[in-house]
Every structure is written in structure tokens, then in C-alpha cells.
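Here are the chains, one letter per residue:
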Amino acid sequence: MLTGIDHVQLAAPPGSEPELRAFYCGVLGMREIAKPGALAARGGCWFLAGAGAVQLHLGIEADFRPARKAHPGLRVRDISAYAEGLASRGVPVTWDHALPGHRRFYADDPVGNRLEFLEPKPRSAPD
């Protein structure tokens, strides 16, 4: 029986850890968590948000190609302010209104992986 998602892993090119740390910690407001020693030698970074409910792992892939269709969907609070914050830091956001009951936009991380940010609309709000 599945009980939840532990983490989502995205790929990144070799040597991109400084860019990833600057984006996921400095821009998105996540915090880096230590990788176990046996895994740390592989490179990459792990990040955590909230009370530990959101974990993103960025693993190094020699033949890296950014995920353009596959993506994590990250829930946010006050999505308009969150989008404005990203845009003010030079991160382009693309709004999408196709998901009923939600407001959402897409943005790319510094290595080109697609990220979805979404917030459920209040029940009284029209689609």
C-alpha cells in the first residue's frame, strides 16, 4: 500500500551544484539537507521545504537533458506573490489556466528543468 511520496528527483549536469543551491535555497526558499555519505560522492543536492513534506533531489547525470514535460508540482500559498517574487529575481513565469480549481504557473530551474507551482482556488472562486 502506498502512503505518500518521499521525494521527487530531477537530473542536473555535472558541476551545477552551486547554481542549484542558489536557486532552490536562495530563490525558492528551500533548505539544503545533507545527502548520506555513500550518496554524497555521486554529487548533486537534496532540498527540503516546509515541515519536511516537500523534498526535491537533484542528481547528477553525465548525459543530462532537462525535463521539459515531466515535472514536480509544488503547492504554494499566495501564488500571485510567489510568482512576483520569482519574476523579481529574473525567473520567467508562465501562467496556465487549464487546470480547474487551481491557479498555476510554470518556471524553469537554472539547468532547464520544468517546475509547476500551484494553489487550489477557494471553493467560492470561479474557474
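The model shown is predicted, which means the values in this text are computed figures rather than measured ones.

Peer 1: Would you mind going over the sheet that holds strand 5 (residues 73-75) in detail, with residue names and values included?
Peer 2: What the four strands build is an open sheet, ordered 5-8-7-6; its pairing is mixed. Only two strands of the sheet have a single neighbouring strand rather than two, namely strand 5 and strand 6 (94-96). Direction aside, neighbouring strands of the sheet carry axes that sit 30° apart on average. As paired strands, strand 6 and strand 7 (residues 102-108) are joined by three bridges and run antiparallel to one another. Looking at strand 7, one finds that Trp95 is bridged to Phe105. Set on the sheet, helix 3 (residues 79-88) makes contact with strand 6, strand 7 and strand 8 (114-120); between it and strand 7 the angle comes to about 15°.

Peer 1: Give a description of the nonpolar core that names residues and reports values.
Peer 2: Nonpolar side chains in soluble globular proteins tend to end up buried together. Within the largest apolar cluster, 24 residues are counted, with the highest numbers of intra-cluster contacts made by Leu20, Tyr24, Leu28, Leu58 and Phe117. Looking at this core, the elements that each hand over two or more residues are strand 1 (8-12), helix 1 (17-27), strand 3 (45-49), strand 4 (54-60), helix 3, strand 7 and strand 8. In this structure, Leu58 is in contact with Leu10, Ala11, Ala12, Leu20, Tyr24, Gly44, Cys45, Trp46, Phe47, Asp109 and Asn113, ignoring residues within four places of it in sequence.

Peer 1: Give a detailed account of the sheet that holds strand 1, specifying residues and quantitative values.
Peer 2: Across a sheet, paired strands are connected by hydrogen bonds in the backbone, their directions being either parallel or antiparallel. As summarised here, the arrangement of the four strands in space is 1-4-3-2, forming an open sheet in which the pairing is mixed. One side of each edge strand has no neighbouring strand; the edge strands of this open sheet are strand 1 and strand 2 (31-33). Strand-to-strand twist across the sheet, computed as the mean angle between neighbouring axes with direction ignored, equals 30°. Here five bridges tie strand 1 to strand 4, and the two strands are oriented parallel to one another. Residue Gln9 lies in a different strand from strand 4, and its bridge partner there is His57.

Peer 1: A description of the pairing of strand 4 should follow, citing residues and the corresponding values.
Peer 2: Counting buried positions along strand 4 gives five out of seven residues, so the element sits mostly inside the fold. In terms of strand pairing, strand 3 meets strand 4 through five bridges, oriented antiparallel. Along strand 4, the bridge assignment pairs Leu48 with Gln55. What sits between the antiparallel neighbours strand 3 and strand 4 is a turn of four residues, in which Gly50 has the positive phi angle 65°.

About the criteria used
Residues numbered from 1 in each chain as written. Predicted model: local features only at pLDDT ≥ 70, side-chain atom pairs only at ≥ 80, totals over all residues. Heavy atoms only, no water. Pairing = 2+ DSSP bridges. Helix = DSSP H or I, 4+ residues; strand = E, 2+ residues; numbered from the N terminus. Axes fitted to C-alpha atoms, helices over the stretch in contact; angles between N-to-C directions. Contact = heavy atoms within 4.5 Å. Core = buried A, V, L, I, M, F, W, Y, C linked by side-chain atoms within 4.5 Å. Buried < 20%, exposed > 50% of the residue type's maximum accessible area, 1.4 Å probe, protein only.

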